[in-house]
Every structure is written in C-alpha cells, then in structure tokens.
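Summary of structural features
Each chain, letter by letter, is given below.
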Amino acid sequence: MKLGTLFKDAWDALFSEAATEPYPNPHPDETERLRGRLRWNPEGCTGCSLCVKDCPAAAIDIFVLDKKAKQFVMRYDIGRCTFCGQCMQSCRFDCWQAANDDWSLAATTANGFVEYYGKEEDIERVLAGPVTDDPVKV
Amino acid sequence: MMELLQVLVTMLIFPAGLFLLANAMIYQWIDRKLVARLQDRVGPPWYQPLADTVKLLANEEVLPHGVNKWLFIGLPIIGLAGALTTALYLPIAGLPPAYGFPGDLIVTVYMLSMLTLCLGLAGANTRDRFSMVGATRTLTQLFSYEAPFLLALLGPALAAGSWQLSDIMAYASGNWLLFTQPIGFVVVLIGLMGKLEITPFDAPEAETEIVAGALTQYSGRGLALFRLGQWVELVIGLTMIAAFYLGGIHNPLDYVIKTLFPLLIIAALQTLMTRLRIDQTVGMWWRYGALLALVQWLLIFLMGGGQ
Amino acid sequence: MTQPANRKRFTVPIGPQHPALKEPGHFAFDVDGEIVQSASVRLGYAHRGIEKATESRTWVQNLYLLERICGICSHIHATAYCLGVEKLAQVEVPPRAQAIRSLVAELERIHSHLLWLGVAAHESGFDTLFMYSWRDRETVMNILEVMTGNRVHYSANVLGGVKYDVDDQQAATIREGLDFLEERTLHYLEVVSTDSLFLQRTRNIGVMDREAAQLSGVIGPTGRASNVQRDVRLDSPYAAYADHPITPVYETTGDLLARFVVRLREQLTSIDYIRMLLDHLPNSPLTTRMPRRVKAGEAISRVEAPRGELFYYIKSNGGDMPDRIHVRTPTLCNIASVAQLVIGQHLADVPMILVGIDPCFSCNDRTSVICQDGQRDMWDWARLRQYGIDHYGTHYTKDLG
Ligand code: SF4
Ligand code: SF4
C-alpha cells in the first residue's frame, strides 16, 4: 500500500528537459531507414512498370514514350503515397529510393504534391499531350 | 463623489474586478504549467488561459432545448459574482482587505460555495444526461467536503477568538498556524482541491464518463464565466490558506511566495493521484476528513487555544 | 443484452462520439443512481468494407490494405495474411524472415500494451501514468523506426519473407532500448500493483472468473487475466514460435488489476523473447520467390495479436487477386463480455471496464442484418451487391447530384 508511486518520475521531470517538443520541430535524429519522400532514378529503369502495378495506393504512374530509347516519365503523387516501400521492393534495378530527411508533408496548398521525374523535354511532352490522365500502358 | 469612485474601483478593478481575474488566469497557468512539467510535458504558453477565455467569450452561446433561459444565463454570472465578492474581505496581493465585519469568515465560505451550487443547478437545469449525472455528483461532493472544510477553517477562528477575517489574520501573522494546526492545514488544502474539482476529486467532471459533467451543455460565455469563477476560487482559496496558516500576508512579495507554495502542493497532489469514484470521495471525507477536522478542534481546545 | 421494458430508466449513452471512447462504438448503459443495471452494445459505425475491397486488388496490394485494418497491430495483420497466402502458394519462408516476423510482432506487442496502459490510466483519471507510459512508448516506436523505417505501419512483411534485416548495430540499439523498457515496465508493474488510490479503481472491479470468460468466449490477454489458458503462439505456433516457444502469462483473479498485470508481464516476456531472438537469429536469405498468381484453394491462418487471436480466412481461385478474405479480429470476441461485466458496477468504472478488454473498434466493425421474423437467412454476393446498390442509390444519389 503506497501513495504517490510516480513521485520520483515527477520529481525528475521537474529538473529535466520536457519529453515533448513544440511543433514544428526539426526531426531530432532521422534514422537511416526512415521512409520519407520517394525519389526515382531513371538510370536502371527498363519500363517494366512492376512498381506501378504493385503500388497499393496508385501513387505512381509511368509514361513510356519510347521503350527502346528508355524515354520514361514517372509521375509520383506524394499525397497518395503510403510510404509502404513496396515499389522499392518490386523494382529489380533499385530505381526507387526513399529520402530519410524529407518526411514532413504538412503544407498549406496542394501544389507540389505531384511530381514528375524524367528528362525535362519528356516531362513537357507528357504534360502537353493528352496522355496525362491516361498513362500509356506497355 | 470620491467615495463612489473608490467603491467602483474596489468592485471593478482592485481587488475584486479585473485584477483578480488577471491574477486568476496567471495562477491557472502556473497550475497547468506545473502539472505539465511534473508530467514531463512542455505545457501551455503563459497566455493560454487568456486565449481560452477570449475565444470562449467570442464563441456563440448555444441555448439548448428545454432549459430555463434565465437560469441558464444567470447562473454563471451569479457564480462568478459570488467568487469575486469574497475578494473584498481578503488581503489580495498583500494589501489590507477592502471591507470587513464580524462574521465575514462565514460569509466568505458560503460565497465560495455559491459557485458550486450554481454549477449544480446549471447542470440540473438542462435535460442532458451527462449534465444531470454531473450535477448530482457536484452537489454530493459539496455536501461531503463542505463540513470538514468549514470545521477546519474555524480552527484559526477559534484560536484567534474572532470570526472576522481581519482579526484572524492579525492573529495568524504572528503565529504560523501551519505548525500549531497542521491537521487543519491539510484538511483545508484538500478541501480546496475538492471545491475546485481537481484530481482526485474530479468525479463531477470526469471527462471519460460524463463528458464535462454539469457544464456539458455550456458553450461560449457561460462556460467562460464558470471557468473564470473556478480559477478565481483557486486564488481566493490560496489567499485564505496563506493568510491563515502561513504566517499572514504582509506585502505583495510575501503574497506571491506564500500562495505559490500551496499551489505547488496542489499541483503535485493532482499529478500523483488518480480520480476517485464519487462514493469513494464521500466515504473518504466523512470517514477521515470530518474526523481529522474534529481531532484538530480537540487539540485546539486541549492546548487552550480557544478563548 | 435484453433491456427491461421499464419506461423510466435512465440511459447514459457512451459513443459513438464521446470523450471516453475516441472510436466509434455505441454503448447504452441503464443506470440506477450510479449503478449500471443493464447495457447494450452496438457496432457498425466505421465499417470500411475492407474485406470486399481486397477482392479487387492484387495479392501484393492487399498486404498493405490489410495492414491498415489496425494502426496499432498493423504488423500482425500483415503477418496473418502472409502466412495464409504463403500456405496457399506452398511457399517456404526462410527461417531468418520467420524470426524477424516474430521479432517485430513482439516489439509491436510492447508498443500496443504500453499504449493500452496509458489509455486505461487515462480512463481512470490517472493522467500522469498516461503521460509517462506514452513517453516510454516512444522508445519502442523509435526501435521500430530504426528497424523498419516507420513508426506505425512498419510494412516489414512482403509475401515470401520480410523486407528488413537486423544488423549488429541495430541489434545493439534494440538491446539498449529493451533495457530501458524493462526497467520502466517493472516500475509500472509496481505502480499498478501498489498504488493504493489506483488499486481502489482496479481491484475487484469488473471481475470475470474463468467460467464466465470461457462462456463469453473471451480471448487474448483479457482471457489470460481470467486464467483462460489460450495463446495461439503456443497452441498453434507460427513464424519463430515453433522453434522458440514463448512463456505464457496467466493471472487468476480476473479483475481489472489482473488485466493490467497480465499485459505488463507479457511485455516482460516479450522483452526476454526479443533478446533471445536476437541471440539466435538464423542465417538465411530474407525472401523467397513468390508467384504472382496463387494456386486455387482455401487457407486459414491464426496468429496472436496483442489483443488476442486474430483469424484470417483466405480463398483463391488461382488468379492474381483473392476470391474472398475474411478477417475476425480479437475485439469481436471480447466486446460482448463488456455488456455482462458492467452490470452492477459503478458508472465511474464503466470506461475502465470497457477499455480493460483493449477494444479496437474499426478493426472489428462489420455490418449485420437482423432477421426480424426469427428466420435464418443466407445472403449471397449477388443479393448483397443488389442491396448495396439499392441502399446507396436511395441514400446518396441526391448528394452526388
Ligand atoms: S519497377 Fe523499376 S524498372 Fe520497372 S518500371 Fe518501376 S522503376 Fe522502372
Ligand atoms: S511507397 Fe508504396 S504507396 Fe508509395 S509509391 Fe511506393 S508502392 Fe506506392
């Protein structure tokens, strides 16, 4: 039978820094494997679109402009992404990397939530053409 | 003319009006901050109670179905007014009380209970089920701590041989009643926690059972006034404790130090305890609280304190 | 759960919106003064149609959908699903992957139990214990982040294995965190079993003896607090539990206190188990090849989630999408017991009794059709589908314009 069993914790807390932090705060220590915003690297990509098929959130789309010439544009919707890492797992050529330092997704506008990866002229072609809403299937 | 002005100032600015409200908000913040620090949290910024109040005052006040409109609007005002009135008889901020008459101790204590009574009535006035249960609990709790609280507060009065606050304070400023009446001090401190519905006596507003208790239906101004009233009571209670038990209040600095000390104890007790059920609260007060207060009386008589 | 036909009864509703219950379930308690006379439970406020949704997603995509059935026991849902699908596809998962699945599952158990400790303490008004237990929960969440990269939906599983390995450096981080957690868990065990004020709120409250527990089919830690000796990890071992059996925890008193003690002691066994696993991690690859189409057939898989037995039924017709997936979460087994437990208790104890079973509402929500005339009735998909079209057609077409 005791009273005030948490006294020591409370006493210690009075003289140490609080465990909570005000927002927004810089993430104190990003861990190596932290899955943040994804980056696509076109170098190894063969346009197999396995990652697109496996993405559970339909967050990525690939536009194959010319398979032989390796002209691909990848559209990535961060707003839909659930950071599950399946695309990283599915791609045999390690095209997908999760940035461990870019994870804060709070924003006041929706701009910038959809990203296009690829060569600039290809992206322009994709954005100009009628293909934007209906990705070219291989 | 001058006299009228003076009365107005006493009522509206110091000690009863604006000053007391500001004081109450600051003490409320200190309490919240202390609890937060004891729980290893950052806690609210200093202006949080003010921001809360301003926001509530700006909110629309919703008048629920089935309430008596006048009671619904009037009760918070009466409650707050009662709490503010008590400041007239107390040495707020270390300055001598504005008014006083023989027996004002009793008036003060009853004025303090008025807020609780208003709270209970406000809950019973609405048709909301959570309010009803909350009101029942508020009033039940009132009857449990009130007697021991009053008995304990009469201890200093007995020792001083007067029921006028200024006489008691004059007596207490020479004698640290904390040491001659320690049991009374404990009962009053814990009684104050019961009055303010602070954990472990927060069954009347236990949010996990009955949402906000008697205040569930209140929004906007009524809620703000009730909350302010409770915070004012905190300051009044602390002032009484400081004036009676901690060697009296002589100057503003003295006031701050001596009221913060019991506040620290309240914050610590609040942190370390879990909420009691209402039946446990009642049982505790009648079984131990009343008994302790009576033991304190007996001791006062035995030591020849009663005159 | 029948209510007396007394018109004057005073009912206190808790939920679907109530500060005690941040999740959408509805309980109606008839009280006489402060004493509860009868209670009824109503579910179905957060039915998400996940089971149906699985039928239009591939096997791989479903893994992440099912993981999201529960935010707290996400890993165990994915594990149950993987185990079932791997059984159907007759894929042998490498031993290291099995061990890592168990490892993450035990970490998740610690995280879930600490979360529960905080919630239960908050229901009783002991906010300080709530704050401290949640502060310490950060430790285990950080461990999970170091291991898998996420704090909540770890997504450590893939079909045929796991994604993430544990290297020596991470093992050291985990061990360090576990030492801290062990110390804290022992401390909380002392707090809940010695703090006299807290004991007043837990001892001999909501007592359920073994027979009553078995009658209402209570499982998991709630059952083990009433000495119902069931634990899937022992009864039908999966992942690493076959090679390394876990030490079960039972209590006999069956009151709220026992439910606290069981969960805290389970944390201690989990901590020991993780240490043991780290010492005995087998060497093998992390994944095997998994076909994209799964052989036709049916499989069930059972795992021990932090709240009790989790059950999956999976049916494949040989395609790249499942034919039917059925999920039964532990809360569904436990929730009916609340209606019996609260009778005769104080209203003030109701939230604690309710939380005592560690309910998770949206996990267990499902719709039910009540047959008014007492006849049994079977609905096939075609009829259900038509019902859905009619229902939403009449309710929502106007809004959609
Ligand atoms: S899986 Fe890899 S190679 Fe295939 S389309 Fe995606 S990024 Fe390109
Ligand atoms: S992380 Fe998951 S949700 Fe995000 S793009 Fe990759 S597969 Fe899709």
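Given the structure is predicted, the values throughout are model-derived calculations rather than measurements.

Description of the overall build of chain C
If you tally the helices and strands in chain C, you get 15 helices and eight strands. For 401 residues, the compact-globule estimate of 2.2 N^0.38 gives 21 Å, and chain C sits close to it at 22 Å. Carbon and sulfur atoms make up 52% of the accessible area of chain C, which amounts to about 16300 Å² in all. Here chain C contributes 43 positive and 48 negative side-chain charges, whose respective centroids are spaced 6 Å apart.

Details of the overall build of chain B
The secondary structure content of chain B amounts to 13 helices and zero strands. For chain B, the sequential pattern of α-helices and β-strands runs α-α-α-α-α-α-α-α-α-α-α-α-α. Over its C-alpha atoms chain B spans a radius of gyration of 19 Å, differing by no more than 12% from the 19 Å that the globule rule assigns to 307 residues. Out of the 307 residues in chain B, the part that is buried amounts to 57%. Put simply, 78% of the contacts in chain B that link residues at least 6 apart link residues at least 24 apart. Counting every atom, chain B has about 12300 Å² of accessible surface; 72% of that belongs to carbon and sulfur.

What to know about the nonpolar core
Membership of the largest hydrophobic core comes to 127 residues, with the highest contact counts inside it found for Phe27, Tyr81, Leu117, Leu129 and Tyr312 of chain C. Per element, the largest residue contribution to this core is 14 residues, and it comes from helix α4 (residues 95–123) of chain C. Setting aside anything within four residues of it in sequence, one finds Leu117 of chain C in contact with Leu129, Ser133, Tyr188, Val192, Phe260 and Leu264 of chain C. Ranked by size, the runner-up nonpolar core spans 66 residues in total, among them Leu178, Leu192, Tyr245 and Trp285 of chain B.

Brief notes about the environment of Glu124 of chain A
Turning to its location among the elements, Glu124 of chain A is positioned in helix α4 (residues 120–128). Sequence-wise, Glu124 of chain A and Ala69 of chain A are 55 residues apart; in three dimensions their C-alpha atoms are separated by 17 Å.

A short note on the interface of chain B and chain C
At the junction of the two partners, chain B supplies 25 residues and chain C supplies 30 residues. Summed over both sides, the interface between chain B and chain C buries roughly 2400 Å², with carbon and sulfur atoms accounting for 59% of that surface. For the chain B face of the interface with chain C, the top three residues by lost area are Thr208, Thr274 and Arg277 of chain B, together amounting to 25%. Our enumeration of links across chain B and chain C arrives at two salt bridges. Asp40 of chain B serves as the salt-bridge partner of Arg135 of chain C, at 2.6 Å between the closest nitrogen and oxygen. Seen at the junction of chain B and chain C, the total is eleven residue pairs in polar contact (both at pLDDT 80 or more). Of all elements in the fold, only α6 (129–160), α10 (207–210), α12 (252–272) and α13 (278–302) of chain B reach the threshold of two or more residues within the side of chain B that touches chain C.

A look at the sheet that holds strand β3 (residues 35–42) of chain C
All names here are of chain C. Ordered by their spatial adjacency, three strands build an open sheet running β1-β2-β3, and the pairing between neighbours is antiparallel. Whereas interior strands pair on both sides, the edge strands pair on one side only; in this sheet they are β1 (10–14) and β3. This sheet shows a mean twist of 25° between the axes of neighbouring strands, independent of strand direction. Across five bridges, β1 lies against strand β2 (residues 26–32) in antiparallel orientation. Looking at β2, one finds that Thr11 is bridged to Asp30.

Description of the sheet that holds strand β8 (residues 322–328) of chain C
All names here are of chain C. With antiparallel pairing, three strands are arranged side by side in an open sheet as β6-β7-β8. The open sheet is flanked by β6 (297–305) and β8, the only strands paired with a single partner. Neighbour to neighbour, the strand axes of the sheet diverge by 15° on average, direction disregarded. Pairing of β6 with strand β7 (residues 308–316), which is carried by nine bridges, proceeds in the antiparallel orientation. Paired with Ser301 across the strands is Tyr312, a residue of β7. Across the sheet, helix α3 (residues 74–89) touches β6, β7 and β8, and the angle it forms with β6 is around 150°.

Examining the site of ligand 1
Looking at ligand 1, the residues that line it are Trp40, Cys45, Thr46, Gly47, Cys48, Ser49, Cys51, Ile62, Cys91, Phe93, Cys95 and Trp96 of chain A. Its residues assigned to classes, the shell around ligand 1 comprises nine nonpolar, three polar and no charged.

Looking at the interface of chain A and chain B
On the chain B side, the residues contacting the twelve residues of chain A number six residues. Seen at the junction of chain A and chain B, the total is zero salt bridges. Along the contact surface separating chain A from chain B lie three residue pairs in polar contact (both at pLDDT 80 or more). Of the residues in the side of chain A that touches chain B, the class split is seven nonpolar, three polar and two charged.

A closer look at the pairing of strand β2 (residues 60–66) of chain A
Residue and element names in this part refer to chain A. Counting buried positions along β2 yields five of seven residues, so the element is predominantly enclosed. With six bridges connecting them, β2 and strand β3 (residues 71–77) associate as antiparallel partners. Within β3, the position partnered with Asp61 by the bridge is Arg75. Where β2 folds back on β3, the antiparallel hairpin that results is connected by four residues, among which Lys70 adopts a positive phi of roughly 55°.

Quick look at the pattern of salt bridges
All names here are of chain C. Evaluation of the coordinates by the stated rule reveals 35 salt bridges over all chains. A salt bridge links Arg275 to Glu182; its shortest N-O distance comes to 2.9 Å. Taken as a pair, Arg275 in helix α11 (residues 256–279) and Glu182 in helix α6 (residues 168–194) lie far apart in primary sequence, 93 residues in all. Taking the shortest distance from any N to any O, the salt bridge between Arg224 and Asp231 comes out at 3.5 Å. Side by side, Arg224 and Asp231 carry an identical accessibility label, which is buried. Among the charged side chains, a salt-bridge network with shared partners connects Glu106, Arg109, Arg224, Asp231, Arg233, Glu266 and Glu304.

What to know about the site of ligand 2
For ligand 2, the set of nearby residues contains 13 residues, the closest of which are Cys55, Cys81, Cys84, Gly85 and Cys87 of chain A. Considering only residue class, the shell around ligand 2 consists of ten nonpolar, three polar and no charged.

Remarks on the confidence of the model for chain C
Residues and elements named next belong to chain C. Taken over all residues, the pLDDT of chain C has a mean of 84, while the share at 70 or more is 93%. Within chain C, the element-level pLDDT minimum falls on helix α15 (residues 381–400), averaging 69, and the maximum on α11, averaging 91. Across residues 1–7 the pLDDT falls below 50, and counting only partners more than four positions away or on other chains, this stretch makes ten contacts in the model. Across the interface, the model reports ipTM at 0.82; the global pTM reads 0.85.

Considering the packing of helix α9 (residues 182–195) of chain B against helix α11 (residues 220–245) of chain B
Residues and elements named next belong to chain B. Packing of α9 against α11 brings their axes to within 10 Å, and their N-to-C directions diverge by 175°. By the angle class used here, α9 and α11 are roughly antiparallel. Between α9 and α11, the residues in contact are Gly184, Phe185, Val188, Leu189, Leu192 and Lys195 and Glu233, Gly237, Leu238, Ile241 and Tyr245, respectively. Residue composition of the contact of α9 with α11, by class: seven nonpolar, two polar and two charged.

Brief notes about unusual backbone geometry
With a phi close to 55°, Phe83 of chain A is a non-glycine residue in the positive phi region. The buried category is assigned to Phe83 of chain A, whose relative accessible area is 17%. Not every positive phi belongs to a glycine, and Asn227 of chain C is a case in point at roughly 65°. Mapping Asn227 of chain C onto the fold places it in the loop between α9 (220–224) and α10 (232–235).

Procedures and definitions
Residues numbered from 1 in each chain as written. Chains lettered and ligands numbered in written order. Predicted model: local features only at pLDDT ≥ 70, side-chain atom pairs only at ≥ 80, totals over all residues. Heavy atoms only, no water. Helix = DSSP H or I, 4+ residues; strand = E, 2+ residues; numbered from the N terminus. Rg over C-alpha atoms; globule rule 2.2 N^0.38 Å. Areas by Shrake-Rupley, 256 points an atom, 1.4 Å probe, with all protein chains shown as cover. Lys, Arg positive; Asp, Glu negative; His and termini not counted. Charge placed at Lys NZ, Arg CZ, Asp CG, Glu CD. Buried < 20%, exposed > 50% of the residue type's maximum accessible area, 1.4 Å probe, protein only. Contact = heavy atoms within 4.5 Å. Core = buried A, V, L, I, M, F, W, Y, C linked by side-chain atoms within 4.5 Å. Buried area = accessible area lost by both parts, 1.4 Å probe. Salt bridge = Lys/Arg side-chain N within 4 Å of Asp/Glu carboxyl O. Polar contact = N/O pair within 3.5 Å; in protein donor to acceptor, adjacent residues only side chain to side chain. Pairing = 2+ DSSP bridges. Axes fitted to C-alpha atoms, helices over the stretch in contact; angles between N-to-C directions. Near = heavy atom within 4 Å. Nonpolar A, V, L, I, M, F, W, Y, C, P; charged D, E, K, R; others polar. pLDDT = per-residue confidence, 0-100. Parallel < 35°, antiparallel > 145°, perpendicular 65-115°, else oblique.

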